Amino acid sequence: MFLGTHTPRLDDKGRLTLPAKFREALAGGLMVTKGQDHCLYVFPRAEFEEMARKVAAAPLTNEAVRAYQRYLFAGTDEQRPDGQGRVAIAPELRKYAGLSKDCVVIGAITRLEIWDAQAWQTYLDEHEDSYSQAREEVLPGVF
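Because the structure is a prediction, the values reported are computed rather than measured. (Residues numbered from 1 in each chain as written. Predicted model: local features only at pLDDT ≥ 70, side-chain atom pairs only at ≥ 80, totals over all residues. Heavy atoms only, no water.)

Caption draft 1: Here's a closer look at the environment of Ala108. Looking at the element boundaries, Ala108 is found in the loop between β7 (103–107) and β8 (112–116). Placed 106 residues apart in sequence, Ala108 and Phe2 show a C-alpha to C-alpha distance of 5.7 Å. With residues up to four places along the chain from it excluded, the contact list for Ala108 reads Phe2 and Glu113. (Helix = DSSP H or I, 4+ residues; strand = E, 2+ residues; numbered from the N terminus. Contact = heavy atoms within 4.5 Å.)

And the structure:
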């Protein structure tokens, strides 16, 4: 389970050092893909494969399904952390997420999310009120 907030920096080669507490779970390989809200999602390989099977099983006759599949699969990069826990973030993915040197990595249970630090702060500022006012219809049975 991925939890917490971490603030690594991109190095000059576009590599990001993964938080130490997540390295074991990601040692077997990981998939970096375009997430929603202009962040990047990082999935352990097995988790991504499970999700990919579900996405691939959707009907190809549906135009929205085809578009989603293309966007997801074309924008995914397979990585394996090096000995220091670094992964290279592809230039296309860095551009999509607007990553600068200062990044934020958040745990989101089944995945990590990589955000540009300023974009993450803006997201938090914009969504703080909705989080504090979450009701039953947002999270049924939780509150």
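Caption draft 2: Summary view of the packing of aromatic side chains. Within the structure shown, the criterion is met by seven aromatic pairs. Between the aromatic rings of Trp115 and Trp120, the centroid separation amounts to 5.2 Å while the plane-to-plane angle is 55°, which identifies the pairing as tilted. By relative accessible area, Trp120 is classed as buried at 13%. Counting every residue linked through ring pairs, the aromatic cluster contains Tyr41, Phe43 and Phe48. The ring of Tyr71 has Lys34 sitting right over it, with the charged end atom 4.9 Å from the ring centre. Lying over the aromatic face of Tyr41, Arg111 brings its terminal NZ or CZ to 4.4 Å of the ring centre. (Phe/Tyr/Trp six-rings, centres within 6.5 Å; stacked < 30°, edge-to-face > 60°. Buried < 20%, exposed > 50% of the residue type's maximum accessible area, 1.4 Å probe, protein only. Lys NZ or Arg CZ within 6 Å of the ring centre and 35° of its normal.)

Caption draft 3: The arrangement of the UniProt feature "domain: SpoVT-AbrB" (unreviewed entry) in the chain in detail. UniProt feature "domain: SpoVT-AbrB" (unreviewed entry): in the numbering of this structure it lies at residues 5–47 and 76–119. The straight-line gap between the two end C-alpha atoms of residues 5–47 is 21 Å; of that span, 23% is helix and 35% is strand. With 23% helix and 39% strand, residues 76–119 has end C-alpha atoms that lie 21 Å from one another. (UniProt positions renumbered as here; feature names shortened; annotations may be inferred.)

Caption draft 4: Inspection of the environment of Leu30 at higher detail. Note that Leu30 resides in strand β3 (residues 30–34). A sequence separation of 18 residues divides Leu30 from Phe48, and the C-alpha atoms of the two residues are 8.1 Å apart. With residues near it in sequence (within four places) discarded, Leu30 still touches Leu18, Val42, Phe43, Pro44, Arg45, Asp77, Glu78, Gln79, Pro81 and Val87.

Caption draft 5: Examining the side chain of Lys34 more closely. Within the secondary structure, Lys34 sits in strand β3. Within polar-contact distance, the side chain of Lys34 engages the side chain of Glu92 at 3.1 Å. Setting aside its immediate chain neighbours within four residues, Lys34 contacts Cys39, Leu40, Tyr41, Tyr71, Gly75, Glu92, Leu93 and Tyr96. (Polar contact = N/O pair within 3.5 Å; in protein donor to acceptor, adjacent residues only side chain to side chain.)

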